[in-house]
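Notes for the structure review
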Amino acid sequence: MRFGTKVIHAGLAPDPATGAVMTPIYQTSTYHQKTPGEHKGFQYSRSGNPTRKALEDNLAALENGTYGMCFGSGVAAIDAVIKMFKPGDEIISTDDLYGGSYRIFTKIFEPFGIKFKFVAMSDLANIEAAVTANTKLIWIETPTNPMMNIIDIEAVSKIAKEHNILLAVDNTFATPYLQTPLDLGADIVMHSATKYLGGHSDVVMGALICKDEKIAEQLYFIQNSSGAICGPQDSFLVLRGIKTLHLRMQRHCENGKVIAHYLKNHPKVDQVYWPGFEEHPNHAVAKKQMKDFGGMISFTIKGNRKEDAFKLMSSLKVFTLAESLGGVESLTCHPVTMTHAAIPKKEREKSGVIDSLIRLSVGVEDVNDLTDDLEAALASI
Ligand SMILES: *Cc1c(COP(=O)(O)O)cnc(C)c1O
């Protein structure tokens with residue numbers, strides 16, 4: 001099956017009990033057993049629930065994986081991955097990382113004795129230099145948040161394999177519509193399904209997908225033991241959202257392209273970060289590993305004044321000033337004060353997260369209303 005068919009059909013079948021075409025919301029914690037141990041595959045909803053299972057199978061198919069696992073949030077999915085490791089183990093990650101990932105790595109897992117190294121991954125030599133005998137995992141995000149750097153998944157996976165290290169890719173920004181990291185050598189794909197997969201800003205959820213049975217066993221053991229699962233209602237909503245993932249992503253990309261070029265030509269705008277520009281330092285890699293360039297754009301304002309960024313963002317009428325991304329509606333956020341407040345100033349400025357940086361999640365509205373909105377807001381500063 002091709003992607004646009006998989007989003008609608010993969011892992012799904014009419015409900016065996018009633019013939020319902022849409023996967024029912026199995027709002028149950030437990031399941032009848034005929035004799036002890038004799039059941040229909042479900043015993044208790046922490047361990048498995050048919051609505052969640054349908055979503056997990058669907059996601060596994062979309063990422064060209066074999067096993068899917070869904071969690072109560074993206075960070076709960078990250079938490080499950082890091083729990084595969086032990087005190088003394090080392091993990092290498094990118095220096096331009098989602099703030100919540102940085103926080104759970106450094107504030108939750110470092111005190112338990114797992115070491116993290118954050119390196120600039122645009123230069124692969126930095127990864128090689130950080131590898132030791134204790135390195136167990138490389139954790140990457142591409143495109144990165146909020147600087148839209150692109151990391152060459154295939155190249156990183158080669159390094160990981162040479163040193164017998166696992167590679168996990170946070171595929172939240174790209175979605176499997178744009179790139180499938182397992183095909184490029186990654187071992188684990190992670191999603192904040194809160195974003196594009198859900199797509200309607202009405203659910204918080206996380207997901208992991210992998211191909212290898214042993215990794216799946218470990219992750220499933222952690223999912224069931226630590227218990228950070230998502231509920232059946234939320235599973236239904238994400239299943240519903242995914243049915244239009246390909247349509248939404250296509251429009252996000254089209255609108256993103258228009259907005260990126262609009263901003264680039266505006267006299268008050270300084271830098272525009274979007275991997276579709278030919279002069280983007282990793283454009284060639286983006287072109288190689290992604291189907292299109294997505295709807296996430298960051299930009300800075302000339303003079304780099306926080307007041308200008310604030311004024312612009314509060315003047316916007318179609319773009320909503322809010323955290324999160326990937327919904328049908330356009331959102332804007334100020335990374336320094338919102339998503340990246342947990343990252344020390346020196347760290348974030350090194351990677352370009354400066355005071356006037358504004359991040360846009362370009363939605364699927366009529367793009368002319370979006371450029372009109374930006375035009376009026378830019379005129380106000
Ligand atoms: C939002 C996000 C997360 C965390 O997911 P939650 O669902 O908010 O817990 C992780 N990675 C990226 C890239 C994100 O955008």
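Below, the discussion takes up the pattern of salt bridges. A complete count under the given rule lists 11 salt bridges for this structure. A salt bridge links D79 to K83, with the nearest nitrogen and oxygen atoms 2.6 Å apart. Residue K83 is classed as partly exposed on the basis of its relative accessible area, which comes to 36%. Residues E90 and K117 are paired through a salt bridge, measuring 3.5 Å at the closest nitrogen-oxygen approach. Taken together, the residues span a long stretch of sequence, with E90 in strand β2 (residues 90-94) and K117 in strand β3 (residues 115-119) at a distance of 27 residues. Residue classification places E90 among the buried positions, given a relative accessible area of 7%. When salt bridges that share partners are traced, they join K345, R348 and E349 into one network.

Turning our eyes to something else, we now look at the site of the ligand. Lining the immediate surroundings of the ligand are 14 residues, of which G74, D170, S192, T194 and K195 lie closest. Within the backbone of V75, one N or O atom sits 2.9 Å away from an oxygen atom of the ligand. One of the side-chain N or O atoms of S192 is found 2.8 Å from an oxygen atom in the ligand. Out of a free accessible area of 380 Å², the ligand has 92% covered by protein chains. For the shell around the ligand, the secondary structure elements donating two or more residues are α3 (74-82) and β6 (188-192). Residue composition of the shell around the ligand, by class: seven nonpolar, five polar and two charged.

Now for unusual backbone geometry. Most peptide bonds adopt trans geometry, and most residues besides glycine take a negative phi value. The omega torsion across T142 and P143 is -5°, close enough to zero to call that bond cis. Secondary-structure assignment places P143 in the loop between β4 (135-141) and α6 (153-162). Following N145, the chain continues into P146 via a peptide bond in cis, with omega recorded as 5°. Looking at where P146 falls in the secondary structure, it is placed in the loop between β4 and α6.

Its domain assignment divides the chain into domain 1 (3-242) and domain 2 (245-379). Relative to domain 2, the C-alpha centre of domain 1 lies at a distance of 26 Å. Tallying the contact residues gives 41 residues for domain 1 and 44 residues for domain 2. Three residues stand out in domain 1 for area buried against domain 2, namely M147, Y177 and Y196, and they jointly supply 23% of the buried area on that side. For the salt bridge of K288 with D152, the shortest nitrogen-to-oxygen distance reads 3.0 Å. Linking domain 1 with domain 2 are 16 residue pairs in polar contact (both at pLDDT 80 or more). Of the residues that constitute the side of domain 1 that touches domain 2, the class distribution is 22 nonpolar, 14 polar and five charged.

Our next topic: the side chain of T135. Turning to its location among the elements, T135 is positioned in strand β4. A polar side-chain atom of T135 sits 2.8 Å from the main-chain amide nitrogen of T132. Excluding anything up to four places from it in sequence, T135 contacts E90, I92, A130 and I165.

Take the packing of α3 against helix α4 (residues 99-109) next. Look at α3 against α4: their axes get within 10 Å of each other, and the N-to-C directions meet at 45°. As judged from the angle between their axes, α3 and α4 are oblique. Crossing of α3 against α4: the hand is right-handed. Only G100, S101, I104, F105 and F109 of α4 make contact with α3, whose side of the interface consists of V75, I78, D79 and I82. When its residues are assigned to classes, the contact of α3 with α4 shows six nonpolar, two polar and one charged.

Attention now moves to the sheet that holds strand β7 (residues 206-210). Read from one edge of the open sheet, seven strands run β1-β7-β6-β5-β4-β2-β3, paired in mixed fashion. Each of the sheet's edge strands pairs with one partner strand only, and the pair in question is β1 (67-71) and β3. Within the sheet, the average angular offset between the axes of one strand and its neighbour, ignoring direction, is 20°. Lying on the sheet, helix α2 (residues 50-62) is in contact with β1 and β7; it crosses β1 at an angle near 130°. Relative to strand β5 (residues 166-170), α6 is tilted by about 155°, and along the sheet it contacts β4 and β5.

Conventions adopted
- Every chain begins its residue count from 1, and numbering advances along the sequence as written.
- In keeping with the predicted nature of the model, local features appear solely for residues at pLDDT of at least 70, side-chain atom pairs appear and are counted solely at 80 or more, and the whole-chain, interface and lining totals rest on all residues.
- By convention in this description, side-chain values take in all heavy atoms of the structure and omit both hydrogens and water.
- By definition, a salt bridge exists where a carboxyl oxygen of Asp or Glu is found within 4 Å of a side-chain nitrogen of Lys or Arg.
- Burial classes follow relative accessibility: with a 1.4 Å probe on protein chains only, a residue under 20% of its type's maximum area counts as buried, one over 50% as exposed, and anything between as partly exposed.
- Only DSSP runs of H or I reaching four residues or more are called helices, and only runs of E reaching two or more are called strands; each is numbered from the N terminus.
- A single heavy atom is enough: if one lies within 4 Å of a molecule or strand, its residue is considered near that molecule or strand.
- The term polar contact refers here to a pair of N or O atoms within 3.5 Å; inside protein, the definition further demands a hydrogen-donor-capable atom paired with an acceptor-capable atom, and it admits residues adjacent in sequence only when both atoms are side-chain atoms.
- Calculation of accessible area relied on Shrake-Rupley with a 1.4 Å probe; when residues are assessed, cover is drawn exclusively from the protein chains displayed.
- Put simply, Ala, Val, Leu, Ile, Met, Phe, Trp, Tyr, Cys and Pro go in the nonpolar bin, Asp, Glu, Lys and Arg in the charged bin, and everything else, Gly too, in the polar bin.
- Boundaries between domains were set according to an automatic or database domain assignment.
- In what follows, a contact means two residues having at least one pair of non-hydrogen atoms within 4.5 Å.
- Accessible area that two parts lose when put together, with a 1.4 Å probe and added across both, is what the buried area reports.
- Every axis corresponds to a line fitted to the C-alpha atoms, with the helix fit spanning only the stretch in contact, and the corresponding angles, defined between N-to-C directions, vary from 0 to 180 degrees.
- Here the angle decides the label: under 35 degrees means roughly parallel, over 145 means roughly antiparallel, 65 to 115 means roughly perpendicular, and every other value means oblique.
- Each crossing gets its hand from how the near helix is turned against the far one by less than a right angle, where anticlockwise is left-handed and clockwise is right-handed.
- Paired strands are those between which DSSP finds at least two bridges.

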